[in-house]
Structures are given as structure tokens and as C-alpha cells.
Amino acid sequence: MRRKTIKKIIIAAIISAELSSWATRIYMINTAQPDRPCKITWSGETTTYDQNY
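Scoring rules and cut-offs
- As a convention, each chain's residues are numbered from 1 in the sequence order in which they are written.
- Local features in this predicted model are restricted to residues whose pLDDT is 70 or higher, and side-chain atom pairs enter the listing and the counts only when it is 80 or higher, whereas totals over whole chains, interfaces and linings include all residues.
- Only heavy atoms go into the side-chain values, all of them from the structure, while hydrogens and water stay out.
- Any two strands between which DSSP finds at least two bridges are classified as paired.
- Helix and strand definitions follow DSSP, with helices as H or I runs of at least four residues and strands as E runs of at least two, each counted in order from the N terminus.
- A residue counts toward a patch only above 30% relative accessible area and without a salt bridge, and it is joined to like-charged neighbours within 9 Å or, for Val, Leu, Ile, Met, Phe, Trp and Tyr, to nonpolar neighbours within 5 Å.
- Note that accessible areas follow from Shrake-Rupley with a 1.4 Å probe, and for residues the cover is restricted to the protein chains shown.
- Here a salt bridge means any side-chain nitrogen of Lys or Arg lying within 4 Å of a carboxyl oxygen belonging to Asp or Glu.
- Charge counting treats Lys and Arg as positive and Asp and Glu as negative, with His and both chain ends excluded.
- Taken as the charge centre is NZ of Lys, CZ of Arg, CG of Asp or CD of Glu, depending on the residue.
- Note on exposure labels: buried denotes an accessible area under 20% of the residue type's maximum, exposed denotes more than 50%, and partly exposed covers the range between, all computed with a 1.4 Å probe on protein chains only.
- Residues count as neighbours in contact if any of their non-hydrogen atoms are within 4.5 Å of one another.
- Each residue carries a pLDDT score, the predictor's confidence in it, ranging from 0 to 100.

Chemist: Explanation requested: the pairing of strand β1 (residues 38–42) in the structure shown.
Modeler: Both faces of the sheet carry side chains from a regular strand, because those side chains alternate between them. Pairing between β1 and strand β2 (residues 45–49): five bridges, direction antiparallel. Bridge pairing in β2 links W42 to E45. Joining the antiparallel neighbours β1 and β2 is a turn of two residues, in which S43 adopts a positive phi near 55°.

And the structure:
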């Protein structure tokens, strides 16, 4: 019974970390304001910033 509880806690921690990483990536990419044109790649996804906001 104790093993099931530990496995559930580990799975919950992994899911929580994934969701947190996803939310951080979305927030950082959408709010970035680089001072010059550039491309930012995060987790294999590249976003191009062509102008100042």
C-alpha cells in the first residue's frame, strides 16, 4: 500500500513539473520584448521577433 502512495506522489510531481514548464515557456515567449530582431528557441520551438513592441 505504501508503494502505491509513493508512486502517486512521484507521478503528481512529474505532471506538476511539466505543467509548470509549459506555462513558463508560454509566458516567457509571449511577453518577451527583445531590443533587436532575433529568434528565440525554447524546447525545439523557435519564435521570431522582428520589431520592438
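Chemist: Looking at this structure, how should I read the environment of A12?
Modeler: The topology assignment puts A12 in helix α1 (residues 2–31). Once the C-alpha coordinates of A12 and T24 are considered, the two residues, twelve residues apart in sequence, prove to be 18 Å apart.

Chemist: Please clarify how a positive patch on the surface should be interpreted in this entry.
Modeler: Among the surface-exposed residues, R3, K4, K7 and K8 lie close enough to one another that they form a single positively charged patch. In this fold, K7 is placed in helix α1. Looking at K7, the relative accessible area reads 55%, which means it is exposed.

Chemist: What exactly am I supposed to notice about the side chain of R25 here?
Modeler: Here R25 is to be found in helix α1. With relative accessibility at 14%, the residue R25 sits in the buried group. Beyond its immediate stretch of four places on either side in the chain, R25 contacts W42, S43 and E45.

Chemist: Help me understand the confidence of the model for the protein chain, please; the structure alone is not making it clear to me.
Modeler: It should be kept in mind that the predicted coordinates are not to be read in detail where pLDDT is low. Mean pLDDT over the protein chain stands at 88; residues scoring 70 or higher make up 92%. Looking at the elements of the protein chain, mean pLDDT is at its lowest for β1, recorded as 87, and at its highest for α1, recorded as 93.

Chemist: Can you walk me through the pattern of salt bridges in this structure?
Modeler: Close approach of charged atoms allows side chains with opposite charge to pair. In total, this model carries two salt bridges according to the counting rule given. One salt bridge in this structure joins R25 and E45, with 2.8 Å as the shortest N-O distance. On the criterion of sequence distance, the pair formed by R25 in helix α1 and E45 in strand β2 is long-range, its members being 20 residues apart. On the basis of relative accessible area, E45 is assigned to the partly exposed category, the value being 37%.

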